[in-house]
Amino acid sequence: MVERSNWRWTADLSEPGPVRDAALDDLRAEMVRGLSYAMARHREVTDADIEDFAQEALLKVLSGLPSFRGESRFTTWAHKIAVHVAYTELRRRRWRDVGLDEAAAPASGLLPQPLTDPSAQTEKHAMQQEILSAMRRALSEELTDRQYQAFIAVRIMGMSMEQVARNMNTNRNALYKLLFDARRKLKRSLLTSGFSSQDVLSAFADAAV
Amino acid sequence: MELDLDTIKRIVREVITTRSDEIDCGKCFDELDRFADLVLAGKNAAEALPMVQDHLEHCPECREEFEALYEALRTMD
């Protein structure tokens with residue numbers, strides 16, 4: 001593959017013709033290589049999938065060329081687009097048949113009581129139970145219906161944001177704002193319940209190795 | 001369905017570390033290539049792009065994509 005600077009990539013890809021064709025071939029090969037590493041832990045992804053992802057990403061790169069600001073390597077920018085295409089499709093496949101019905105479940109059924117943490121001493125364990133109790137209460141009482149639905153679906157159930165946004169008739173950025181507002185309310189509730197940020201972080205830190 | 005301990009810890013930490021302002025997924029995506037190159041170069045990406053760092057700490061999907069991107073770039077370099 002020809003080594004190209006950012007300027008050379010954008011120039012070569014700009015005008016139809018043999019120069020662009022060669023650049024597209026090189027970029028496709030680069031993307032396929034990158035996706036092979038990026039998707040390595042996803043055993044369900046086939047070689048054909050990677051070729052499809054690379055092809056879709058190539059189209060997005062071409063249409064998005066004017067938006068490339070040159071603040072990163074061109075290939076990094078292209079790989080970013082390819083990885084996003086791949087994950088969007090993987091999530092769509094994983095969640096396409098799942099609705100939001102399960103996201104209406106009460107939080108009390110999802111946050112275990114009591115919490116079992118083998119690493120926690122008695123005092124820390126007691127703190128964990130109190131904090132979780134406050135979280136359950138805040139989830140039920142502080143959030144709007146939409147905030148609750150979004151938080152349960154995305155953060156508790158782990159559903160794809162694109163899928164949840166579609167089911168809630170909104171877009172991903174607006175959904176993220178819902179989740180952000182939900183987190184702010186939950187945080188405020190924990191703080192007004194008398195827990196400091198440090199209390200919570202200490203109680204829910206990972207066990208020391 | 002009951003959550004596992006690691007997920008609960010992660011969710012609680014995400015809640016308590018929420019700041020007064022955050023960028024959304026679109027804005028994070030716009031800066032992710034720059035962020036990735038900084039990390040690869042051993043620079044302090046979190047200091048250069050603190051809002052991206054914060055978003056990645058609170059958005060599992062964006063974090064997943066960043067980690068895959070970084071792994072690919074690191075392996076190929």
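## Here we look at the packing of helix α3 (residues 47-64) of chain A against helix α4 (residues 74-95) of chain A
What describes two packed helices is the angle between their axes and the distance between those same axes.
Residue and element names in this part refer to chain A.
Here is step 1: One can describe the packing of α3 onto α4 by two numbers: an axis separation of 9 Å at closest approach and a directional angle of 130 degrees. One finds that α3 runs oblique with respect to α4. Like other packed secondary-structure pairs, α3 and α4 cross with a definite hand, here right-handed. Taken together, the residues of α4 that come into contact with α3 (itself represented by Phe53, Ala54, Glu56, Ala57, Lys60 and Val61) are Ala78, Ile81, Ala82, Val85, Ala86 and Glu89.
Here is step 2: Across the contact of α3 with α4, the residue classes break down as 9 nonpolar, no polar and 3 charged.

## Looking at unusual backbone geometry
Note on backbone geometry: most residues besides glycine have negative phi, and most peptide bonds are trans.
Here is step 1: Phi angles above zero are rare outside glycine, and asparagine 169 of chain A is one such case at about 55 degrees.
Here is step 2: On the secondary structure map, asparagine 169 of chain A appears in the loop between α7 (161-167) and α8 (172-192).

## Concerning the interface of chain B and chain A
Here is step 1: Listed per partner, the contact involves 34 residues of chain B and 39 residues of chain A.
Here is step 2: Mapped by element, the contributors of at least two residues to the side of chain B that touches chain A are α1 (5-16), α2 (25-40) and α5 (60-76) of chain B.
Here is step 3: Here the side of chain B that touches chain A takes 10 residues from α5 of chain B, the largest share from any one element.
Here is step 4: Partitioning the side of chain B that touches chain A into residue classes produces 18 nonpolar, 3 polar and 13 charged.

## Details of the confidence of the model for chain B
Here is step 1: In the predicted model, chain B carries a mean pLDDT of 94, and the fraction of residues at 70 or more is 97%.
Here is step 2: Both scores are available for the predicted complex, with the pTM at 0.90 and the ipTM at 0.94.

## Considering helix α2 (residues 18-38) of chain A
Here is step 1: With 21 residues, α2 of chain A should cover 30 Å at 1.5 Å per step; its first-to-last C-alpha distance of 30 Å lies within 8% of that length.
Here is step 2: Residues of α2 of chain A that are buried: Ala23, Leu27, Met31, Gly34, Leu35 and Ala38 of chain A. What you see down the axis of α2 of chain A is that its buried residues fit within an arc of 100 degrees, all on one side. Away from its buried face, by an angle of more than 90 degrees, α2 of chain A presents the exposed residues Pro18, Asp21, Asp25 and Ala29 of chain A.
Here is step 3: Lining the buried residues of α2 of chain A we find α1 (6-14), α3 and α4 of chain A together with α5 of chain B.

Calculation criteria
For every chain, the first residue of its written sequence is number 1, and the numbers climb from 1 along that sequence. Chains and ligands are labelled by the order in which they are written, letters from A for the one and numbers from 1 for the other. Per-residue local features of the predicted model are confined to residues with pLDDT of at least 70, and side-chain atom pairs are confined, for both listing and counting, to 80 or more; whole-chain, interface and lining totals are unaffected and use all residues. Every angle, taken between N-to-C directions, lies between 0 and 180 degrees, and every axis is a line fitted to C-alpha atoms, over only the stretch in contact when it is a helix. Secondary structure elements are taken from DSSP: a helix is a run of H or I of four residues or more, a strand is a run of E of two residues or more, and numbering for both begins at the N terminus. In this scheme, roughly parallel covers angles under 35 degrees and roughly antiparallel covers those over 145, while 65 to 115 is roughly perpendicular and the rest are oblique. By convention, the crossing between two helices is left-handed when the near helix turns anticlockwise from the far helix through less than a right angle, and right-handed when the turn is clockwise. Residue pairs qualify as contacts under a 7 Å threshold applied to their C-beta atoms, which are placed from the backbone. Residue polarity is assigned by list, with Asp, Glu, Lys and Arg as charged and Ala, Val, Leu, Ile, Met, Phe, Trp, Tyr, Cys and Pro as nonpolar; anything else, Gly included, falls into the polar class. Confidence of the predictor at the level of single residues is captured by pLDDT, which takes values from 0 to 100. To estimate how far a helix should reach, multiply one less than its number of residues by 1.5 Å. Field definition: a residue is buried when 20 or more other C-beta atoms are found within 10 Å of its C-beta, exposed when 12 or fewer are, and partly exposed for counts in between, with C-beta atoms placed from the backbone. By definition, the arc is the one covered by directions from the helix axis to the C-beta atoms.

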